[in-house]
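# Per-entry structural report
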There are 2 protein chains.
Amino acid sequence: MDIADWRKKIDDLDRKLVQLMNERARCAHEIGKLKRNSAMPIYEPDRERIIFENIARENSGPLSEKQLRQVYERLVDIMRQIQRDEMLPEVASEGEATEFEPND
Amino acid sequence: MDIADWRKKIDDLDRKLVQLMNERARCAHEIGKLKRNSAMPIYEPDRERIIFENIARENSGPLSEKQLRQVYERLVDIMRQIQRDEMLPEVASEGEATEFEPND
C-alpha cells in the first residue's frame, strides 16, 4: 500500500469515528436531560474514572495509555459541556457554549 | 432508558472508538515508515486541512463543528507524534515521546 491508500483507509476510519462520537454525544444529551430532572451533578468524578479505566482496559495499542487518555480528556470535556448546555439551556443559548471552563 | 442504560451504551461506543483510534494509529505508523523511506515531511498542512474538511462534511451533529474539531486537533497531534517517533526512533526511545511540541 502507498501513502494514498493508507490515507483512504484513514478517511474511512474518520467517517466511522465522527459517527460514533456523535452517537456518544447523543447519549450525553439524554443523560443531561435525566440529570436535569433529578438534580444530579454534571461532574461525576467516579463515572469519569470508570470511563478512563474502561478505555485503558480496551486499549491494545499501538496508542499508549497516555495518548489515548489525552484524546479522551478532550472528548469527556466536550461531553460535560453538552450536559451543561442541557441543564442550563438559557445560559448556553446566550453565550458560546464551548467557552465554559471545565469544573475540574 | 435510565442513566445506567445510557452509560452502558456509552461504554459500548467507547470500545469501538478505542479500536478505531488504534486502527488509525496503525495507519499513521505505516505512513510514517513510508515517509521515512522517501524523506517526506511529518507535518503536511494540506493533508491536515483535508482531514478537517472531511470530518466537517461527515458531521451531522449533535456535536458542533467546533467541538468535533477540538477532539480531532488532539487526535491529529498524537498521530503526528507517532510519525515523528517512526522517523526519529533513536530520539523517541531516549525520551518521552508524547512530550514533543507539535510543530504548528
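Source: prediction; values computed, not measured. (Residues numbered from 1 in each chain as written. Chains lettered and ligands numbered in written order. Predicted model: local features only at pLDDT ≥ 70, side-chain atom pairs only at ≥ 80, totals over all residues. Heavy atoms only, no water.)

Counting 48 residues, the largest nonpolar core has A:Met21, A:Tyr72, B:Met21 and B:Tyr72 as its most contacted members. Looking at this core, the elements that each hand over two or more residues are helix 1 (3-38), helix 2 (45-58) and helix 3 (65-87) of chain A together with helix 1 (3-38), helix 2 (45-58) and helix 3 (65-87) of chain B. Those residues in contact with B:Met21 that lie beyond four places of it in its chain are A:Leu17, A:Met21, A:Leu63, A:Leu68, A:Val71, A:Tyr72, B:Leu75 and B:Met79. (Core = buried A, V, L, I, M, F, W, Y, C linked by side-chain atoms within 4.5 Å. Buried < 20%, exposed > 50% of the residue type's maximum accessible area, 1.4 Å probe, protein only. Helix = DSSP H or I, 4+ residues; strand = E, 2+ residues; numbered from the N terminus. Contact = heavy atoms within 4.5 Å.)

Attention now moves to unusual backbone geometry. Glycine aside, the phi torsion of most residues is negative, and most peptide linkages are trans. Residue and element names in this part refer to chain A. Cis geometry is adopted by the peptide bond preceding Pro-62, which originates at Gly-61 and carries an omega value of 10°. The phi angle at Ala-39 is positive, at roughly 55°, despite the residue not being glycine. With respect to the helices and strands, Ala-39 occurs in the loop between helix 1 and helix 2. Given a relative accessible area of 70%, Ala-39 falls into the exposed group.

With 57 residues of chain A in contact, the opposing surface of chain B contributes 57 residues. Roughly 5500 Å² of surface becomes buried between chain A and chain B when both sides are summed, with 66% attributable to carbon and sulfur atoms. For the pair chain A and chain B, the number of links is 8 salt bridges. The salt bridge involving A:Lys9 is made with B:Glu23; its shortest N-O contact spans 3.8 Å. Taken together, chain A and chain B are joined by 22 residue pairs in polar contact (both at pLDDT 80 or more). Of all the elements in the fold, those that place two or more residues in the side of chain A that touches chain B are helix 1, helix 2 and helix 3 of chain A. Per element, the largest residue contribution to the side of chain A that touches chain B is 27 residues, and it comes from helix 1 of chain A. Here the side of chain A that touches chain B is composed, by residue class, of 26 nonpolar, 11 polar and 20 charged. (Buried area = accessible area lost by both parts, 1.4 Å probe. Salt bridge = Lys/Arg side-chain N within 4 Å of Asp/Glu carboxyl O. Polar contact = N/O pair within 3.5 Å; in protein donor to acceptor, adjacent residues only side chain to side chain. Nonpolar A, V, L, I, M, F, W, Y, C, P; charged D, E, K, R; others polar.)

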